[in-house]
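Next come the chains, spelled out residue by residue.
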Amino acid sequence: MTDHLSEPLLLKKRGIVVKNRFMKSAMSEGMASGTHAPTEELIHLYEKWAEGGAGLIVTGNVMIRGDALGEPGNVVLEDAGELHLFRKWAEAGTKNGNECWMQINHPGKQVVRGLVREGQAPSAIPFAPEFQRFFAPPRALTAAGIDEIIRRFKRTASLAKEAGFTGVQIHAAHGYLISQFLSPRHNRRTDEWGRPIENRARFLREVCRPSARRSERGIRSA
Ligand SMILES: Cc1cc2nc3c(=O)[nH]c(=O)nc-3n(C[C@H](O)[C@H](O)[C@H](O)COP(=O)(O)O)c2cc1C
């Protein structure tokens, strides 16, 4: 029987060859320093993951801004201040000829009470009463606030690339900001970001759009 799992996988669009079919999925580590940078322990963990031999390693979710944390101990990449530590992390995570992609995320309103004062969301729909003691109350984003977060996603992706990560994965699931935009329950906006699925998906499409291209909204992304 052919061992397909050991065969390389070509990702045609970018010409990336993943050396085998094993992937380590994103798992939030909660191992950042007090300044939300990668610690030696986190770097060591990724050295071990790489030695494990998977063709693709995806990091746990890294937040795109320090005032929007999903959990204590989240890594944040919003500026080049501690990029040397991200370089060490990327070097460890790719040491076995494998891909190492940084998963990047904004939690939206899914932010822990006590850690963050208020959540940001497409609409100010509160959590169900049984969850309200865990999560900070949400505020609806302005159009300018939405554009700012899109710019931040692109900035974090470009810093990840500069640090040596071979890709990024955009977290669009698990009830975080992008999935809040996609959801007709959590997104009740009546502007270009809400109502039909084409509008609810606009935020995700704008986050993923390559920076150099002019968007259909006439805004040049950062
Ligand atoms: C401790 C833990 C942390 C996780 N953190 C993330 C995360 O940061 N981002 C993400 O997309 N999924 C996260 N997940 C989900 C996993 O990537 C995976 O999708 C999930 O565990 C289902 O796969 P499984 O059935 O093999 O466990 C996490 C899962 C666990 C157990």
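Keep in mind the model is a prediction, meaning the values are calculated, not measured.

Moving on, we come to the side chain of N187. Along the polypeptide, N187 turns up in the loop between α4 (177-182) and α5 (197-200). For N187, a relative accessible area of 3% corresponds to the buried category. At 3.0 Å, the side chain of N187 and the backbone nitrogen of R189 are in polar contact. Setting aside its immediate chain neighbours within four residues, N187 contacts P122, S123, Q180, F181, W193, G194 and R200.

Averaged over every residue, the pLDDT of the protein is 93; the share at 70 or more is 94%. Note on residues 218-222: pLDDT under 50 across the span, and ten contacts to partners over four residues away in sequence or across chains.

Taking 1.5 Å of rise per residue, 21 residues should cover 30 Å, and helix α3 (residues 143-163) covers 31 Å from first to last C-alpha, within 8% of that figure. The set of residues buried in α3 consists of G145, I146, D147, I149, I150, F153, K154, T156, L159, A160 and A163. At its buried positions, α3 is contacted by α2 (83-93), β6 (99-105), β7 (119-121), β9 (167-170), α4 and α6 (202-208). Downstream of α3 by one or two residues, G164 has phi in the positive range, about 115°.

Below, the discussion takes up the packing of α2 against α3. In the contact formed by α2 and α3, the axes pass within 8 Å of each other and the chain directions differ by 65°. The handedness of the crossing between α2 and α3 is right-handed. Together, L83, F86, R87 and A90 of α2 and L159, E162 and A163 of α3 make up the contact between the two elements.

Time to look at the site of the ligand. Around the ligand sit S25, A26, M27, S28, G60, N61, Q103, H171 and H174, and that is every residue in its neighbourhood. Contact between the ligand and S28: a nitrogen atom at 2.8 Å from a main-chain N or O atom of the residue. Q103 is positioned such that a nitrogen or oxygen atom in its side chain is 2.7 Å from a nitrogen atom of the ligand. Look at the ligand: alone it shows 600 Å² of surface, and the protein chains cover 42% of it.

Note that G55 resides in the loop between α1 (40-51) and β4 (56-58). With relative accessibility at 1%, the residue G55 sits in the buried group. Here the alpha-carbon distance between G55 and T35, two residues 20 residues apart in the chain, equals 30 Å. Ignoring sequence-local partners within four residues, the contact set of G55 consists of V18, K19, N20, F22, N98 and E99.

Moving on to the packing of aromatic side chains. Per the stated rule, a full pass over the model turns up eight aromatic pairs. We note K24 situated over the ring of W49; from NZ or CZ to the ring centre the distance is 5.2 Å. Between K109 and the ring centre of F127, over which it is positioned, the NZ or CZ distance is 5.4 Å.

Conventions and cut-offs
Residues numbered from 1 in each chain as written. Predicted model: local features only at pLDDT ≥ 70, side-chain atom pairs only at ≥ 80, totals over all residues. Heavy atoms only, no water. Helix = DSSP H or I, 4+ residues; strand = E, 2+ residues; numbered from the N terminus. Buried < 20%, exposed > 50% of the residue type's maximum accessible area, 1.4 Å probe, protein only. Polar contact = N/O pair within 3.5 Å; in protein donor to acceptor, adjacent residues only side chain to side chain. Contact = heavy atoms within 4.5 Å. pLDDT = per-residue confidence, 0-100. Expected span 1.5 Å × (residues − 1). Axes fitted to C-alpha atoms, helices over the stretch in contact; angles between N-to-C directions. Left-handed = near helix turned anticlockwise from the far one by under 90°. Near = heavy atom within 4 Å. Areas by Shrake-Rupley, 256 points an atom, 1.4 Å probe, with all protein chains shown as cover. Phe/Tyr/Trp six-rings, centres within 6.5 Å; stacked < 30°, edge-to-face > 60°. Lys NZ or Arg CZ within 6 Å of the ring centre and 35° of its normal.

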